[in-house]
Amino acid sequence: MATEALRSQVAAKWQDAFARLNRDEPGISGLMSFSQAWSLATEFLRPKNLSEPVKTYNLELVRHAFDVVSQCRRLPVMLESFLDNIRQHFGLIHLDIDTFMVEYEQSDDPHVISRLVLRLMEWYTLWQPITELGLTIRSAYTLNFQTHLFAILSPTFVKGFKDLCAATLPPLDGGAPPAIALPEGIWDIFETLGLLDRYENVIASVGYEHIEKYVIANCTDKWDVAVLPGLKSWMSEKIVPWMLMMYAKEASNKDDALAVMASVGSRFDFHMTKTLCDLRTRELFDIIINFPESTPALEDLKECLQRVDQRSTLVRSLRKANRRRLLHPGADTTLILTQYVATIKCLRIVDPPGVLLYKVADPIRRYLRERPDTIRCIVSNLVGDDESGDSIIDDNEPPQPLHQVEIEDYSDPNWDPEPLDAGPDFRANKPSDVISTLVSIYDSKDLFVKELQVLLAQRLLAITDGSTEKVERERRNIEILKIRFGDAALQVCEVMLKDMTDSKRIDTHVQSQNESVQVVHPTIISRQFWPMLETNELNMPGQFKTFQDAYAKEFSTFKPDKKLRWLPHLGTVQLHLELQDRTVEVEVPPLEAAFIELFSEKNTWTIEELMERVGKVSKSAALKALLTWVDHGVLKENRENGFVLLEVAEAVAQRDRTRLAVAEQEEPSATPEQQQQSQQMMVYWKYIQGMLTNLPNMTVERIHSMLGFVEGYNLTVGQLHSLMDAARREKLVDVKEGLWRLLPQQ
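By convention here, each chain's residues receive numbers from 1 onward along its written sequence. Per-residue local features of the predicted model are confined to residues with pLDDT of at least 70, and side-chain atom pairs are confined, for both listing and counting, to 80 or more; whole-chain, interface and lining totals are unaffected and use all residues. Calculation of side-chain values draws on the structure's entire complement of heavy atoms; hydrogens and water are dropped beforehand.

Colleague: I keep staring at the overall build of the protein and nothing clicks. Help me out?
Modeller: The number of helices and strands found in the protein is 29 helices and 7 strands. Buried means the residue's accessible area, taken with a 1.4 Å probe over protein chains only, is under 20% of the maximum for its type, while exposed means over 50%, and partly exposed covers the values in between. A total of 746 residues make up the protein; the buried ones form 42% of that total. In the protein, of all internal contacts separated by at least 6 residues, the share reaching a separation of at least 24 is 68%. Note on areas: Shrake-Rupley, 1.4 Å probe, and residue coverage restricted to the protein chains presented here. Total accessible area on the protein is roughly 41000 Å²; 52% of this is exposed by carbon and sulfur atoms. Strands are runs of DSSP state E lasting at least two residues, helices are runs of H or I lasting at least four, and both sets are numbered from the N terminus onward. Contact definition: two residues touch when any of their heavy atoms are within 4.5 Å.

Okay, here's the thing in C-alpha cells:
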C-alpha cells in the first residue's frame, strides 16, 4: 500500500509533466497538439529507403513540430529514438555495400569503390537531420552513422579504397593523366564519411608506395647523373598537388596550405630521400666498380645520408657485398686492390671524415694482409709493372711522402672532434693519399722496400739488350719512389742501378780487349747489395764454357780484386744452328742451349746422359728443354728418354702430352726469397718457438724486441715479419689481428 506522501509526490510530478506537455492550454488541447507534433517529427526523422519515392514535407510545419517537442523538453528522447531507428535500418546500407563489394571482388575495378562511396554519401544525406535541430544532434548523427558504417565495412573495402586512392596519383612515366578522375568534391565526401581519419595511414602508404615505385623505376642503375634534384621537382609538381587535396583542402590561401603541409610534406620528402638512400646503398658495390663515372650517384648518396640515419646500414650492406663478391679465393689480388682503392675514393666523397671508410675497409685490409702476393701487386703498380695494364695508382696524383699518423694536437684552433659514430680505434688523421693507405695495410714499410728491391732486380736482369733507356726509366721510377719512402730506404736500389751502369762499362772494356768473347755480354752485379738470386749448378759445356773462361780471365785482369761467379741459368742465348738442309735461329734459355751444344759431339743422347753432363738439373726441367727442340724440329725422340739430332728435317711429330703433363706436375722449386727466409728461420726458429710457447699471442714488434738479446740478431721488423710469413706458409704458426701463435704439430 502506497503511503499518502508517495501518492502526493506522484501526483505532483504527474501534474508537472501534464502541464509541460499541455503548455497551460485549456483542457487537453496542448497535449493533443504535442502528440501531432511528435508524430510529424518522428515521421520526418525516420530513416528512409533510397528506393522509396521521395516524400515532400511542409518544412514550416516540420520546424513548428520540432519547436513544440523542444518546448516540451522531449528532444533528447526523440534523438535517442532517432539513433535507435538508424541502427535498425542500417541493414539497408549493409545490403548496398555487399552488392558493391561483390562486384569489386569480381572486377577488381576501383571505379566500383568510387560509386560505393557516392552511394554511401546519398544514404548519409538522406538520413541527416535538418540544420534547425542544431550542431549537437547533427554531430551525434554523424558519429553514429560512421560507427555503424565502419562496423560493416569488410577488409576488402580497405584494399579497394587503397586502389582507388592509388589510381588518383600521376602515372610513373609522367605522361598520361591519372588512371581515375574522381568526381569533384570526392575528398570532401571522404572526410564527411570519416574515411580520411579512419584510413589516414592507408592513404599515406599509397603515397609512400608510389614514391618507392617511381624512385626504383627512374633511378635504378642511373649513376652518371644526379637524380635527387629531379626527384624533388617531381615531388613538388606531382605529389604535392595530390597531397593538397587530402591534407590542405580547407586552406583558404597559399600560406595556410604551406603551414598545413609543413609536417606532412616533410614526411613524404623524408621517405623519398630514404628510398633513394636504400637504393644507392644496395647498388654501392657496383657504383664503386663504375667510379669515377658514378660520381653523381655518390653525391646524391652523401646528401641523403645527411638527412637519413642509414650509415650503419650502408656499412653492413657494403661489407656483406664485399664478402660475397670480392673477398674470396676466386678474386685476383690486383682486382681486390683496385676495388679497395676505388672504395677509398668513393667513400671519401660520401663521408669526408672517413668513418665509413674505416669501418668498411677493415675486413678488406685484413684479407689483403693474409694474401701472399699483396705486396708484390702494390709494388708492381708503384713501378708501373702491372701486367693487367690497369694501374691502381692514379698517375695524376702527385707523389708525396708516406703519411705518418701523428698524435692529435688538442691545442690546435682548427682541431675538430671525431664523429659520433667513430669507433675507439678510429683516427681522423688517417693516410690521405692512396699509396700511404695501401702501405698502411702492413705495420712496416720495410716489407715494401724489400719487395721493391726484388722486383727491381728482376726488371734489371730482364734487360738483355744493354738498353740504357730502360735503365734510365728504372732510375726515374726510383727517384719518384724516394719521395715516398725516403732516400735511406732505397740506397740499395741506387747501388743496383749503379751496377747496371758499371756492368755496361766493364763489358765494353772486356770486349775491346778480347775479340773472342764478343758473343758474351754478362750483367755484372754486386753480390752483397742484390737480393738473393736463384741458385743452380748448371755447367755450360763446349764453346759456352770456353767463352765464360775467356771472359772471366779478361775481367780478372781488369779487376784483379774481384772474381766472377757465373749464374748462366738466368740468361738467354741466341743460337744460329746450321744443319744439312736448313738453318735455325732461335733465342732459348741456357739449359736448352747446353743440351743442343752436346749434340754437336754425337747425334744421340739419353736424358740421363745429358743431365749428368750439365750438372744438377731436375728431370722435369730437362724434359721440357728437350721437348722445346722437338717442337723446333731439331730433335726427335727415338725411344723412351732417348733423343736424336735431325740433320735432315722431318715432319714435326705431336708432342707427348702425357709426359709433359707429368713434368709440369712436379712441384715448383722455392723462390730465392723463400730459400733465404727458410735459412734464416732455421737460425732463429728455436728462439721464436720458445717465446710463443711461454707467451702465446705475441706481436711481431714484441718478438723483435726479445730477439734483440740474441747474439748476432740484426734483422729489421719488416724482415722478421717476412720470416714469420715463411713459418706461416710451413704451417708452424698462425696470425690473427696481428697476434702470432704456435700451431699444434701432429
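Colleague: I tried to follow the packing of aromatic side chains on my own but got confused; where do I start?
Modeller: Note on aromatic pairs: each is described by the distance of the centres and the angle between the planes. Pairing of aromatic rings covers Phe, Tyr and Trp, the last through its six-membered ring, and needs centres within 6.5 Å; plane angles under 30 degrees mean stacked, over 60 mean edge-to-face, and all others mean tilted. Applying the stated criterion across every chain yields a total of 16 aromatic pairs. For the pair F150 and Y199, a centre-to-centre distance of 6.4 Å together with 80° between the ring planes defines the contact as edge-to-face. With F150 in helix α6 (residues 135–152) and Y199 in the loop between α9 (195–198) and α10 (200–219), this residue pair connects regions lying 49 residues apart in the sequence. The same class applies to F150 as to Y199, namely buried. Both rings, one in F161 and one in Y199, keep their centres 5.5 Å apart while their planes meet at 40°; by these two values the pair is tilted. Taken together, the positions of F161 in helix α7 (residues 155–167) and Y199 in the loop between α9 and α10 put the pair 38 residues apart, joining distant regions of the chain. A network of ring pairs unites the aromatic residues F82, F90, W123, Y124, W127, Y141 and F145 as a single cluster. One Lys or Arg, K602, reaches over the ring of W605 and ends 4.5 Å from the middle of that ring. When the NZ atom of lysine or the CZ atom of arginine is within 6 Å of a ring's centre and also within 35 degrees of its normal, the charge is said to sit over that ring.

Colleague: Explain the nonpolar core to me, please; I cannot follow it from the model alone.
Modeller: The tendency in soluble globular proteins is for nonpolar side chains to be buried as a group. The criterion is simple. A nonpolar core is a set of buried Ala, Val, Leu, Ile, Met, Phe, Trp, Tyr and Cys residues joined through side-chain atoms within 4.5 Å. F66 and F145 are the most contacted members of the largest nonpolar core, which has 131 residues in total. The biggest single contributor to this core is helix α4 (residues 75–107), with 12 residues. Those residues in contact with F66 that lie beyond four places of it in its chain are A41, F44, L45, L75, M78, I130 and L133. V588, A593, I607 and L635 belong to the second-largest nonpolar core, a separate cluster that totals 34 residues.

Colleague: Would you take a moment to explain the sheet that holds strand β5 (residues 642–645) for this structure?
Modeller: Hydrogen bonding along the main chain pairs the strands of a sheet, whether they run parallel or antiparallel. Sheet architecture is open: 3 strands sit in the order β3-β5-β4, paired in antiparallel fashion. For this open sheet the edge positions go to β3 (604–606) and β4 (635–639), each flanked by a neighbour on one side alone. Within this sheet the neighbouring strands show an average axis-to-axis angle of 30°, counted without direction. Strand pairing is assigned whenever DSSP identifies at least 2 bridges connecting the two strands. Sheet analysis places β3 next to β5, joined by 3 bridges and oriented antiparallel. Looking at β5, one finds that T604 is bridged to V644. Lines fitted to C-alpha atoms define the axes, with helix axes restricted to the stretch in contact, and inter-axis angles between N-to-C directions lie between 0 and 180 degrees.

Colleague: It is not clear to me how the pattern of salt bridges should be interpreted in this structure. Could you clarify?
Modeller: Pairs may arise between side chains of opposite charge once their charged atoms sit close together. Any Lys or Arg side-chain nitrogen found within 4 Å of a carboxyl oxygen on Asp or Glu counts as a salt bridge. Summed over all chains, the structure comprises 28 salt bridges. Of the charged contacts, one joins D502 and R505 as a salt bridge, the two residues approaching to 3.7 Å between their closest N and O atoms. Taken together, the residues span about one helical turn, with D502 and R505 both in helix α21 (residues 491–513) at a distance of 3 residues. Residue D502 is classed as buried on the basis of its relative accessible area, which comes to 19%. Taking the shortest distance from any N to any O, the salt bridge between D561 and K562 comes out at 3.5 Å. A network of salt bridges, in which partner residues are shared, links D96, R119 and E122.

Colleague: Please explain the side chain of D499 as it appears in this structure.
Modeller: For D499, the position within the fold is in helix α21. Only four residue types enter the charge count, namely Lys and Arg as positive and Asp and Glu as negative; His and the chain termini do not. Among buried Asp, Glu, Lys and Arg side chains, D499 stands out as unpaired, with K498 the closest opposite charge at 5.9 Å. Apart from the residues lying within four places of it in its own chain, the contact partners of D499 are I524, I525, S526 and W530.

Colleague: How should I be thinking about the environment of L456 in this particular structure?
Modeller: In this structure, L456 sits in helix α19 (residues 446–461). Separated by 74 residues in the primary sequence, L456 and W530 have C-alpha atoms spaced 9.6 Å apart.

Colleague: Help me understand the packing of helix α15 (residues 333–350) against helix α17 (residues 374–382), please; the structure alone is not making it clear to me.
Modeller: Packed helix pairs are specified by the crossing angle of their axes together with the interaxial distance, meaning the distance between the axes. Orientation of α15 relative to α17, taken along the N-to-C sense of each, is 65°, at an axis distance of 9 Å. Considering the angle they form, α15 stands roughly perpendicular to α17. Judged by the sense of rotation from one axis to the other, the crossing of α15 with α17 is right-handed. Across the interface between the two elements, T333, T334 and L337 from α15 touch T374, C377 and I378 from α17. Should an angle lie under 35 degrees it is considered roughly parallel, over 145 roughly antiparallel, and from 65 to 115 roughly perpendicular; all remaining angles are considered oblique. Crossing handedness follows the turn of the near helix against the far one: under a right angle anticlockwise gives a left-handed crossing, and clockwise gives a right-handed one.

Colleague: Would you mind going over unusual backbone geometry with me for this structure?
Modeller: If a residue is not glycine, its phi is most likely negative; likewise, a peptide bond is most likely trans. Following F291, the chain continues into P292 via a peptide bond in cis, with omega recorded as 10°. Turning to its location among the elements, P292 is positioned in the loop between α12 (254–289) and α13 (295–307). With phi around 55°, D108 is a residue other than glycine that occupies positive phi space. Locating D108 in the fold gives a position in the loop between α4 and α5 (110–127). Positive phi outside glycine occurs at D221, with the angle close to 60°. Counting through the fold element by element, D221 comes out in the loop between α10 and α11 (228–247). Judged by relative accessible area, which is 55%, D221 ranks as exposed.

Colleague: Quick question: what am I supposed to make of the pairing of β5 here?
Modeller: Within a regular strand, the side chains alternate between the two sheet faces. Here β5 shows a buried face lined by G642 and V644 and a second buried face lined by F643 and L645. As defined by bridge partners, β4 adjoins β5 across 4 bridges and the pair is classed as antiparallel. Directly across from K636, in β5, lies its bridge partner V644.

Colleague: Would you take a moment to explain the packing of helix α20 (residues 468–485) against α21 for this structure?
Modeller: α21 packs onto α20 with a crossing angle of 165° between their chain directions and a minimal axis gap of 11 Å. The pairing of α20 with α21 is recorded here as roughly antiparallel in orientation. Note that α20 runs across α21; the crossing there is left-handed. Side by side, α20 and α21 meet where V471, E474, R475, I478, E479 and K482 of the first sit next to C493, E494, L497, M500 and T501 of the second.

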